[in-house]
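In case you want the letters, here they are:
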Amino acid sequence: MIDTISSGPTTVFLMGAHTNFAIFLMTNPHLKKNVKHIYAMGGSVRSNCLKKDGSGNSIECADIGNLYPQDSNPYAEFNIFSDPFAAYKVLHSGIPFTLIPLDATNSIPVSKSFFMEFERRQDTYEAKYCFQALKIIHDTWLGGIFYEQYCMWDSFLVGVALSTMRNSHNHNGENKFAEMQYMNITVVTSNKPYGALDGSNPLITGYSIPKFNVHKNGVHSGHVQMGMQDPFCLQKGKGKCQDGYTKEDTGEDAVRVLVAVKAKASHDKGSSLGREFYRSFLNVINSPERSGRFDIRSQYPNHKEALYKSDFGKKMRGNPIVFDMDMSAGDFLALLYLLKLPVELINLKGILISSTGWATPATIDVVYDILHMMGRDDIPVGLGDAFAVGQANPSFTAIGDCKYSKAIPHGSGGYLDSDTLYGLARDLPRSPRRYTAANFVKYGAPRDIENPELRQPSAQDVWKSVVENLDPGSKITILTNGPLTNLAQILGSENASSVIQGVYIVGGHIGNVYDNSKGNLFTVPLNKFAELNMFLDPLAAKEVFTSSLGITLVPLQMQRRVSSFSTLLSRMNATTQTPELVFARRLLSRLWQLQQQHYRYHHMDIFLGEILGAVTLAGNPHLNQTFTSKPLKVLADGDITVIGEITIDEEQGKQVKVLENINSQAYYDHFTRVLGDHRQSAVLASFHEQERLWTSRPESINIGHNQKL
């Protein structure tokens, strides 16, 4: 933003939360003069329903926002609700502002006639891409009411903005696509009574002087909504919270803003499309000018999606393992280690993704790509629930309060860390099993799905499949590197305990006030002794630690002993360079570099310790591992200062096998030696090698040493 806006007058489009741009304005006030205009998609001022009354006019909605459920806040639209104070700062910046709210976007849904016309008109690669993306949403929309609920939100903003800019000689926002009106509005950031400091307000709570110069008794000093089911906001009838409401106001706090109120009808009265923007969108997206030159099949003439599955012949299989990971950087290193171990020792049967930790749904592609690189497309991958136990909304499990996952650095899902991983993962070969919304649809869904058998399995699906395919008398060992959400759900399945040999848990911190060693919950400084995996789902952790399972704990204290970037990287540089070791070394090098350069990355060493669970499970005798049995209890109740803490409780604690010591130098040597072993190594080294296959004649393809296509 600084580079772009410094270069001259700039128009800004905002199609999500206003956080980034608000920070830019507050930290670079001298550049505000270069911002010519702001166009924002978001908010809801006088939203109208699509329903018609007897005279054919739109009728006013009882709830004007689009949060779900709306029983706590019926006023807010999601983009503004995501950061109301940021939206307030942007709106009140003095920069000319045009708002495209739900008032207008509700009048331009993706209608059935538009969808069918789009399906018919796909003359460019980008048109094909956009329609396929839209079709995935259509096919997976719940309730069969896609055409009533899904609107052309962001694309409509772009259309209105560009058309307005072409008519810049007019001053009333004239454009081809939307009717406009000036309104006096503000953004509600907190709820009355103002000055009632109940601990909910992040601008005031914990500060002797409020942040951003807000006043303790001003409009920003009331209760701030704490999740969709905040008791303060709930009341009989309509909920009372208004956080994020772009509200009309006649007071001093109001700003005169140009607002889109309705989509314009098509100029062609005989058109079935009905809206002028529908016609324009299809014309533009199908225009041959500046069109894309390639799709993957035209770019690679011999492109073929192949699955690589292991053929271990008559080798005796080792202990069946299920790996429960949360897709942090360290978990991918642990996964590579498990895939490299001899199948006679470790027989990896399935992977469960714990979505309550360092995970975003898209990161699952990296899991599939690593399995493809290693020739293990036979290993199923299941995606777990998005919310901790007890945190999903009971009436609609797709949403929840994210009470605990807010503690993940830089956002639920660890977005900053995931982005680092994504950049490096571009070098991995692309798996045909990559995650898409189409793959997520379950069998028998009453929707148009071309390949329902390719749906993304759930964690419970994969667990059930692994159990059903066990050899008689076999039992499963579970290694879990994230929150214990999936494991708690497994315990609720039929005969789960009888098929589980034991559980290795990476996480937890056994600390107390007499111990100088602290936990790693640095984003919640009031909590001194919790470890992130236990804190992110304390009820699940409590359920596991009160079960009959045999548990081996790899606590934070031990993970910290093997968290030296310099030592591990020096070993890697001196080891045989297999493709998997090269990927691991590049990832570790990048994490270490980031940690040294920027304060946001000071937590990077927590990922190094996550490898230790897999190494402990393998049980190499040269590591000199020692264990002690301790009666442990997880605190899942109480205030934020103790949630997730593990204590020693002689009366109520569960006897847990705890890793007490390990030869750290032998550990570094062992890990790098395994990754550098050419046995059970990569089938496809990289995407560049995959590209060469796709540009070569089929008869020249070489599959690999011990793999079957």
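Keep in mind that what you see is a predicted model, and the values were worked out from it rather than measured.

**A word on the state of the cysteines**
Formally, a disulfide is one covalent bond, and it connects the sulfur atom of one cysteine to the sulfur atom of another.
And step 1. With the rule as written, the count across this model stands at one disulfide.
And step 2. Here Cys233 is linked by a disulfide to Cys241, with a sulfur-sulfur distance of 1.9 Å. Torsion about the S-S bond of the Cys233 and Cys241 cystine: about -70°, corresponding to left-handed handedness.
And step 3. Cys233 gets classed as buried once you look at its relative accessible area, which sits at 0%.
And step 4. For Cys241, a relative accessible area of 0% gives the class buried.
And step 5. Of all cysteine sulfurs, the one in Cys233 lies closest to Cys402, which takes part in no disulfide; the gap is 16 Å.
And step 6. In this structure Cys402 comes out as partly exposed when scored by relative accessible area, which is 24%.

**As for the packing of aromatic side chains**
Any pair of aromatic rings gets described here by the distance separating the centres and the angle formed by the planes.
And step 1. Applying the stated rule across the entire model yields 26 aromatic pairs.
And step 2. Residues Phe146 and Tyr150 carry aromatic rings whose centres are separated by 5.3 Å and whose planes lie at 15° to one another, so their mutual orientation is stacked.
And step 3. Its relative accessible area of 3% is what places Phe146 among the buried residues.
And step 4. The class for Tyr150 is buried, based on a relative accessible area of 17%.
And step 5. Over the aromatic face of Phe232 sits the side chain of Lys240, whose NZ or CZ is 4.2 Å from the ring centroid.
And step 6. Above the face of the Phe687 ring, Arg430 is positioned so that its terminal group lies 4.3 Å from the ring centre.

**Concerning the side chain of Glu580**
And step 1. Position of Glu580 among the secondary structure elements: in helix α22 (residues 579–597).
And step 2. With relative accessibility at 0%, the residue Glu580 sits in the buried group.
And step 3. Excluding residues within four positions of it along the chain, Glu580 makes contact with Leu336, Lys340, Met373, Met374, Leu675, Asp677, Gln680, Ser681 and Ala682.

**Looking at the packing of helix α12 (residues 329–340) against helix α25 (residues 664–675)**
And step 1. For the pair α12 and α25, the least separation of the axes is 9 Å and the interaxial angle reads 65°. Taken together, the axes of α12 and α25 are roughly perpendicular relative to one another. Note on packing geometry: the crossing formed by α12 with α25 is left-handed. Contacts between α12 and α25 pair Leu333, Leu336, Tyr337 and Lys340 from the former with His670, Phe671, Val674 and Leu675 from the latter.
And step 2. Here the residues of the contact of α12 with α25 are counted per class, giving six nonpolar, one polar and one charged.

**A closer look at the pairing of strand β17 (residues 551–554)**
And step 1. Both faces of β17 are covered, namely the face carrying Ile551 and Leu553 and the face carrying Thr552 and Val554.
And step 2. Relative to β17, strand β16 (residues 500–506) is paired through four bridges, and the arrangement is parallel. Across the sheet, Val503 pairs through a bridge with Ile551, a residue of β17.
And step 3. Of the pairings in the sheet, the one linking β17 to strand β20 (residues 654–661) comprises two bridges and is parallel in character. The residue of β20 that forms the bridge with Leu553 is Val658.

**Focus on the confidence of the model for the protein**
And step 1. For the protein, per-residue confidence averages 89 on the pLDDT scale, and residues scoring 70 or more make up 93% of the total.
And step 2. Confidence drops under pLDDT 50 across residues 437–449; counting only partners more than four residues distant or on other chains, this segment forms 30 contacts.
And step 3. Counting interchain partners and residues more than four positions distant, the pLDDT-below-50 stretch residues 703–709 has 19 contacts.

**Structural notes on the sheet that holds strand β18 (residues 626–634)**
And step 1. Strand order in this open sheet of nine strands is β12-β11-β10-β15-β16-β17-β20-β18-β19, and the pairing throughout is mixed. Each edge of the open sheet is held by one strand with a lone partner, namely β12 (381–383) and β19 (646–648). Strand-to-strand twist of the sheet, defined as the mean angle between neighbouring strand axes without regard to direction, takes the value 30°.
And step 2. Helix α19 (residues 538–545) rests against β16, β17, β18, β19 and β20 of the sheet, and its axis sits at about 120° to β18.

**Remarks on the pattern of salt bridges**
And step 1. According to the stated counting rule, one finds 12 salt bridges in the structure shown.
And step 2. One salt bridge connects Arg279 with Glu276, and the closest N-O pair in it is separated by 2.2 Å. Of this pair, Arg279 and Glu276 both sit in helix α10 (residues 276–285), three residues apart, which is roughly one turn of the helix.
And step 3. Here Arg279 falls in the partly exposed class, since its relative accessible area comes to 31%.
And step 4. Under the relative-accessibility criterion, Glu276 is labelled buried at 0%.
And step 5. Note that Lys340 is salt-bridged to Glu580, the shortest N-O span being 2.6 Å. Within this pair, whereas Lys340 is found in helix α12, its partner Glu580 is found in helix α22, the two being separated by 240 residues in sequence. The two residues Lys340 and Glu580 agree in class, both being buried.

Conventions and cut-offs
Throughout, residues of each chain are indexed from 1 in the direction in which the sequence is written. Side-chain atom pairs in this predicted model are given and counted only at pLDDT of 80 or more, local residue features only at pLDDT of at least 70, and totals for whole chains, interfaces and linings cover all residues. Only hydrogens and water are set aside; all other atoms, that is, all heavy atoms of the structure, feed into the side-chain values. The rule for a disulfide is simple: a pair of cysteine sulfur atoms within 2.5 Å. Relative accessibility thresholds used throughout: buried, under 20% of the residue-type maximum; exposed, over 50%; partly exposed, between the two (1.4 Å probe, protein chains only). Put simply, two rings from Phe, Tyr or Trp (the six-membered ring, in Trp's case) pair if the centres are within 6.5 Å, and we call them stacked under 30 degrees between planes, edge-to-face over 60, tilted for the rest. Any Lys NZ or Arg CZ found within 6 Å of a ring centre and within 35 degrees of that ring's normal is scored as a charge over the ring. Secondary structure elements are defined from DSSP: runs of H or I of at least 4 residues count as helices, runs of E of at least 2 residues count as strands, and each element is numbered from the N terminus. Only heavy atoms enter the contact rule, under which two residues are in contact if any of them lie within 4.5 Å. In this analysis, axes come from line fits to C-alpha atoms, helices being fitted only over the stretch in contact, and the angle between any two N-to-C directions falls in the range 0 to 180 degrees. Comment on the angle field: the value is read as roughly parallel under 35 degrees, roughly antiparallel over 145, roughly perpendicular from 65 to 115, and oblique elsewhere. Here a crossing is taken to be left-handed if its near helix is turned anticlockwise relative to the far helix by less than a right angle, and right-handed if that turn runs clockwise. Residue classes follow a fixed rule: Ala, Val, Leu, Ile, Met, Phe, Trp, Tyr, Cys and Pro count as nonpolar, while Asp, Glu, Lys and Arg count as charged, and any other residue, Gly among them, counts as polar. One requirement defines pairing of two strands: DSSP has to find at least two bridges between them. Confidence scores labelled pLDDT are given residue by residue by the predictor and lie between 0 and 100. Salt bridge, as used here: a side-chain nitrogen of Lys or Arg that lies within 4 Å of a carboxyl oxygen of Asp or Glu.

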